[in-house]
Amino acid sequence: MGSTFADHALEAAAKDIIDSPKGSLSRMSHLAFHVFICRSNNYGVLVHDHKSGLTSSIDAPDAAEIKRQLDYHGWQLSHIFTTHHHGDHVDGNMALKQQYGCTIIGPAAESGQIPGLNTPVSGGDTFTWSGREVQILDCSGHTKGHIAYYMPSDEAVFAGDTLFSLGCGRMFEGTMEQMYRSVTQFKVLAPSTRLYFGHEYTQSNARFALSVEPGNAALRERAAEVDRLRAEGSMTCPSTIGEELRTNPFLRTGSQEIRRNLHLETEDDIEVFGQLRRRKDVFSS
Ligand SMILES: [Zn+2]
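Anyway, here's the lowdown on the structure attached to this text. (Residues numbered from 1 in each chain as written. Predicted model: local features only at pLDDT ≥ 70, side-chain atom pairs only at ≥ 80, totals over all residues. Heavy atoms only, no water.)

Moving on: the overall build of the chain. For the chain, the helix and strand inventory stands at ten helices and 16 strands. With an accessible surface of roughly 11800 Å², the chain has 50% of that area assigned to carbon and sulfur atoms. (Helix = DSSP H or I, 4+ residues; strand = E, 2+ residues; numbered from the N terminus. Areas by Shrake-Rupley, 256 points an atom, 1.4 Å probe, with all protein chains shown as cover.)

See the structure below:
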């Protein structure tokens, strides 16, 4: 079948979502994005190109569950895109590599900590996966070498534990400056970009967000939607960059309401960000 512009536009417009036993599948252009929850609150994501047959897993939290999801769809795993070295993101690497012979791509700065790493990459690198460009974003802060994967032509970004819906990752190995820069770089992506993130923390993130910006109507609406989704056992991933720009306090350091509530009305954005991160650390514990 010819890959004309019209074909592509038609397929892109025909987005559909199909429920599977424990996940949901979206089809955009030639790619299918399958999202599921594993371990207790980790998000698994499988990206499948039905033309090339390639399938990539974003991180590998749980080899057995990823295999189950692959089997359900009849997909073979060709790649793993590793975001960072934490065990709940790499525990499945070796078992999946042994089973599928997949290629593992991951952060060069953590190369000694990524089991089975084949292809180290760093912020600013690009590579081609299944005929499309993948850009690497440097997201140091949560860990020292954390990276995100951005597919501009498919309007999808895989943020790992750097940017969550309504929140951001904890800062374990980096500085506040690094974390601030890592999180704010997502603000320039197209608002329609789908944001895939590493954990289902959205409901507790919403409670924190409301505590610092209760007057934000879009946030109140999103929080109610999140409560409804979680009550029915549905997932909050993916979000979109546009939704996060309207609701995520860590992307809203310019908000006068947030600044008033933090008593930081004239401080730099990074001061507001740092205070939000410190407050959230206490809020969630
Ligand atoms: Zn992590």
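Now that the structure has been shown, the text picks up again.
Another aspect to go through is the packing of helix H2 (residues 63–73) against helix H4 (residues 93–100). Where H2 meets H4, the closest approach of the two axes is 9 Å, and the angle between their N-to-C directions is 40°. Judged by the angle between their axes, H2 and H4 are oblique. Counted together, Ala-63, Ile-66, Lys-67, Leu-70 and Asp-71 of H2 and Ala-95, Leu-96, Gln-99 and Tyr-100 of H4 form the full contact between these two elements. Taken together, the residues that form the contact of H2 with H4 break down as six nonpolar, one polar and two charged. (Axes fitted to C-alpha atoms, helices over the stretch in contact; angles between N-to-C directions. Parallel < 35°, antiparallel > 145°, perpendicular 65-115°, else oblique. Contact = heavy atoms within 4.5 Å. Nonpolar A, V, L, I, M, F, W, Y, C, P; charged D, E, K, R; others polar.)

To continue, consider the layout of surface pockets. Looking at the second largest pocket, its volume works out to about 230 Å³. Lining the second largest pocket are 16 residues; nearest its centre among them are Phe-164, Cys-168, Arg-170, Tyr-201 and Lys-280. For the lining of the second largest pocket, the secondary-structure elements that each account for two or more residues are helix H6 (202–212) and helix H10 (269–284). Here the element with the most residues in the lining of the second largest pocket is H10; it accounts for three residues. For the lining of the second largest pocket, the class distribution of residues is four nonpolar, seven polar and five charged. (1 Å grid on protein atoms, 1.4 Å probe; cavity = no way out; pocket = protein on both sides within 12 Å on 5 of 7 lines; lining within 4 Å. Points joined across faces, edges and corners; volume = space filled by probe spheres on them.)

Moving on: the coordination of the zinc ion. Only His-84 (NE2), His-86 (ND1), His-142 (NE2) and Asp-161 (OD) from the protein reach the zinc ion as donors, at distances of 2.2 to 2.3 Å. Geometry at the zinc ion is irregular, judged from the four donor atoms that bind it and their angles of 90 to 172° at the metal. Motif for the zinc ion, donor spacing along one chain: H-x1-H-x55-H-x18-D. Of this pair, His-86 sits in the loop between strand S6 (79–81) and helix H3 (87–90) while His-142 sits in the loop between strand S10 (132–138) and strand S11 (147–151), and the two are 56 residues apart along the sequence. Considered together, His-86 and His-142 belong to a single accessibility category, that of buried residues. (Donors = N, O, S within 2.8 Å, 3.2 Å for Na, K, Ca; no water. Tetrahedral: all angles 85-135°; square planar, octahedral: opposite > 155°, others 65-115°. Buried < 20%, exposed > 50% of the residue type's maximum accessible area, 1.4 Å probe, protein only.)

Okay, unusual backbone geometry next. The phi torsion of most residues other than glycine is negative, and most of the peptide bonds are trans. Between Cys-237 and Pro-238 the backbone carries a cis peptide bond, its omega angle lying at 5°. Turning to its location among the elements, Pro-238 is positioned in the loop between helix H7 (217–231) and strand S16 (239–240). The phi dihedral of Leu-166 is positive, around 65°, even though this residue is not glycine. Along the chain, Leu-166 falls in the loop between strand S13 (163–164) and strand S14 (167–168). Positioned with a positive phi, His-263 is a non-glycine residue whose angle comes to about 55°. Relative accessible area serves as the criterion here: at 68%, His-263 is assigned to the exposed category.

Tallying each qualifying case throughout the model produces 13 aromatic pairs. Consider the rings of Phe-81 and Trp-129, whose centres lie 6.0 Å apart with planes at 80°: the pair is edge-to-face. Of the two residues, Phe-81 sits in strand S6 while Trp-129 sits in strand S9 (residues 126–129), which places them 48 residues apart along the sequence. Arranged with centres 5.7 Å apart and planes meeting at 75°, the rings of Phe-250 and Phe-273 form a pair that is edge-to-face. With Phe-250 in the loop between helix H8 (241–247) and helix H9 (256–262) and Phe-273 in helix H10, the pair connects residues that are 23 residues apart, well separated along the chain. With a relative accessible area of 1%, Phe-250 lands in the buried category. Each residue in the set Tyr-180, Phe-208, Phe-250, Phe-273 and Phe-283 is aromatic and connected to the rest through ring pairs, giving one cluster. One cation-aromatic arrangement involves Arg-194 over Phe-33; the distance from NZ or CZ to the ring centre is 4.6 Å. (Phe/Tyr/Trp six-rings, centres within 6.5 Å; stacked < 30°, edge-to-face > 60°. Lys NZ or Arg CZ within 6 Å of the ring centre and 35° of its normal.)

Counting across every chain of the model gives 14 salt bridges. Arg-68 serves as the salt-bridge partner of Glu-65, at 3.3 Å between the closest nitrogen and oxygen. Note that Glu-65 and Arg-68 are positioned in helix H2 at a spacing of three residues, about one turn of the helix. Look at Glu-65 and you get buried, because its relative accessible area is 10%. (Salt bridge = Lys/Arg side-chain N within 4 Å of Asp/Glu carboxyl O.)

Attention now goes to H6. All buried positions along H6 are accounted for by Thr-202, Asn-205, Ala-206, Phe-208, Ala-209 and Val-212. Down the axis of H6, the smallest arc covering the buried residues is 165°, so these residues share one side. (Arc of directions from axis to C-beta.)

Take the sheet that holds S11 next. Taken in spatial order, the six strands of this open sheet run S9-S10-S11-S12-S15-S16, and their pairing is mixed. Unpaired on one side and paired on the other, S9 and S16 mark the two borders of the sheet. Where strand S15 (residues 194–196) and S16 come together, two bridges link them in antiparallel fashion. By the bridge assignment, Leu-195 is partnered in S16 with Ser-239. (Pairing = 2+ DSSP bridges.)

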